[in-house]
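Residue-level listing of the chains:
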Amino acid sequence: MAVKPMQSLTLGPVIYHWKPEERRDFYARIADEAPVGAVYLGEVICSKRTPYFEGDYPDIIERLERGGKKVVLSSLSEVVLKREREMLAAICETEGHEIEINNTAGLLDVAERPHRVGPLMNIYNDETMRYLAGKGATHFSLPVELPAGVVGEMAKVAKGLGVGVEVQVFGRASLAVSARCYHARAHCRTKDNCQFVCEEDPDGMPLKTVTGQAFLTINGIQTLSHSYVNLVGEIDAMQAMGVSHFRLLPQRVDMVAVAGVFADRVAGRIDAAEASARLDALSMPAPFSNGFWHGQQGRRQFGPKVA
C-alpha cells in the first residue's frame, strides 16, 4: 500500500549514471514508500546515458503514478548536439505530463505552453521570473546558491504571479555544467570515448585538494559540492516566505528515510532539532551544508537562526 504523499515535497531527477536495475529498484521503492508528491524524471546531465534506461520510463511512470506520485519530465541542462536538440524537442512535445526545462533552448519547443523551469536555468531575479511566467512558466525551481533574502523576494513575486516556487532542501549543490566532460578527462578518456566511466561513481567522483581535503564532486560534465545541502532547519522560514515546494535531490543514501524526515518537518509533526537528529542518525557519506542560504560560503553549516 502506497504511503500518503506530502504534496509540497518533491524528488528531483537522478543526476548520476546509475545502472538500469538500480534505477528501476530505486523508483519502485520511491513509488511505494516515499511520502513525496511529485517526482522529476529524466536525464539532465548527459544525453549518452539515455539509451540505458529510456525503455524503462513507461513502467517507471506507471509505477510512480500508481503510488500517488505526480511525474514531471525533466530536460537536459546542456544542449549542444543535433541529437540533444531532437531529445529536447521530443520531451517538450510530450502530452500528459508537465515538463521541466533546464536549458533555454527548450523555450522554443514549448512555444509558450505551460511548463516548469528547472534549477539549472539559473533564474536569479524577479524580472526574469516575470518574463518567463509571461511565456508560460507556471513553476520555478530556484538555483541552490540563492540566499534567503533573494528567495524571499522571488517568492513574494511568484505569489503575485500565481506560480509555484521550489527550493532544493537536500542533496549536493550543482555548481556548474560544462561542454567538456571532466569525469572522462580525469580517466584519460575523451568525451566521445568515455566508456561511461561515470557509472563507477554512483554518488559522484570525489575531488580533493593537493593536501587531500575533500573539495568538490564530479558527475560527468557537472561540478557539484562535496557536501549535501541540508535546509531542514530553514523549513519554517521558507514556509513563511511563501516557498511552495521543497526538493530532495537523490543521493546514494536511504532517500525514503530522508523523505520521511522532511515530510514530517514540512507538516510540522517534528521540530528542526528532531529532524536534524534523525538525519544525523542516517550516517551520511558527506557533511551537511547550508551556507548559500545564509549568504556565506556554500560549504559551511550554520544554525537556523544565523542571518
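Not measured: the values here are computed from a predicted model.

A.B. asks: Could you clarify how one ought to interpret the packing of aromatic side chains in this entry?
C.D. replies: Each aromatic ring pair is specified by the distance between its two centres and by the angle formed by the two planes. Inspection of every chain in the model, using the stated rule, returns six aromatic pairs. Ring centres of Phe26 and Tyr27 lie 5.2 Å apart, and the angle between their planes is 70°; on these two criteria the pair is classed as edge-to-face. With a centroid separation of 5.6 Å and 65° between ring planes, the pair formed by Phe170 and Tyr228 is classed as edge-to-face. In this pair, Phe170 is assigned in strand S7 (residues 164-177) and Tyr228 in strand S10 (residues 222-230), connecting sequence segments 58 residues apart. Each of the two residues, Phe170 as well as Tyr228, counts as buried. Three or more aromatic residues joined by ring pairs make a cluster, and in this case those are Trp18, Phe26 and Tyr27. We note Lys48 situated over the ring of Phe196; from NZ or CZ to the ring centre the distance is 5.3 Å. Stacked on the ring of Tyr40, the Lys or Arg Arg247 has its end atom at 4.0 Å from the ring centre.

A.B. asks: I keep staring at the side chain of Ser141 and nothing clicks. Help me out?
C.D. replies: Assignment of secondary structure puts Ser141 in strand S6 (residues 137-141). In this structure Ser141 comes out as buried when scored by relative accessible area, which is 2%. In this structure Ser141 touches Glu100, Val117, Gly118, Pro119, Glu166 and Arg247, once residues within four positions along its chain are discounted.

A.B. asks: Just checking my understanding: could you explain the pairing of strand S4 (residues 98-101) for this structure?
C.D. replies: Taken residue by residue, a regular strand's side chains alternate between the two faces of the sheet. Bridging between strand S3 (residues 70-74) and S4 involves three bridges; their strand directions are parallel. Across the sheet, Val72 pairs through a bridge with Glu98, a residue of S4.

A.B. asks: It is not clear to me how helix H5 (residues 126-134) should be interpreted in this structure. Could you clarify?
C.D. replies: In an α-helix, one turn spans 3.6 residues, which is why side chains three or four residues apart end up on the same side. What H5 keeps buried is the set Met129, Leu132 and Ala133. Projection of H5 onto a plane perpendicular to its axis shows the buried side chains occupying an angular sector of 105°, all on one side. Exposed residues lying more than 90 degrees from the buried face of H5 are Glu127, Tyr131 and Gly134. Next to the buried residues of H5 lie helix H4 (106-110), strand S5 (115-117), S6, helix H6 (148-161) and S7. With a side-chain oxygen positioned 3.2 Å from the backbone nitrogen of Glu127, the residue opening H5 is Asn125. Once H5 ends, the next one or two residues include Gly136, with phi positive near 110°.

A.B. asks: In this structure, what is going on with the pattern of salt bridges? I would like to understand it.
C.D. replies: Side chains that differ in charge, positive against negative, can pair when their charged atoms come close. Inspection of the entire model under this criterion finds 19 salt bridges. Note that Glu33 is salt-bridged to Arg29, the shortest N-O span being 3.2 Å. Of this pair, Glu33 and Arg29 both sit in helix H1 (residues 20-33), four residues apart, roughly one helical turn. Residue Glu33 is classed as partly exposed on the basis of its relative accessible area of 36%. Since its relative accessible area comes to 35%, Arg29 is described here as partly exposed.

How each quantity is defined
- Sequence positions are assigned chain by chain, starting from 1 and proceeding in written order.
- With the structure being a predicted model, the display of local features is reserved for residues of pLDDT at least 70 and the display and counting of side-chain atom pairs for 80 or more, all residues being used for whole-chain, interface and lining totals.
- Values shown for side chains rest on all heavy atoms present in the structure; no hydrogens or waters enter the calculation.
- Classification of ring pairs rests on two measures: the distance between centres of Phe, Tyr or Trp rings, Trp counted by its six-membered ring, which must be within 6.5 Å, and the angle between planes, read as stacked under 30 degrees, edge-to-face over 60 and tilted in between.
- Here a helix means four or more residues in a row that DSSP labels H or I, a strand means two or more in a row labelled E, and each is numbered from the N terminus.
- Here the term buried applies to any residue with accessible area under 20% of the maximum for its type, exposed to any over 50%, and partly exposed to those in between, with areas from a 1.4 Å probe on protein chains only.
- When the NZ atom of lysine or the CZ atom of arginine is within 6 Å of a ring's centre and also within 35 degrees of its normal, the charge is said to sit over that ring.
- Working rule for contacts: check all heavy atoms of both residues, and any pair within 4.5 Å makes them a contact.
- The criterion for strand pairing is that DSSP finds at least two bridges linking the strands in question.
- Directions are taken from the helix axis to each C-beta atom, and the arc is the one they span.
- What qualifies as a polar contact is a pair of N or O atoms within 3.5 Å, subject to a donor-acceptor requirement within protein and to the restriction that residues adjacent in sequence count only when both atoms come from side chains.
- Any carboxyl oxygen of Asp or Glu within 4 Å of a side-chain nitrogen of Lys or Arg constitutes a salt bridge here.

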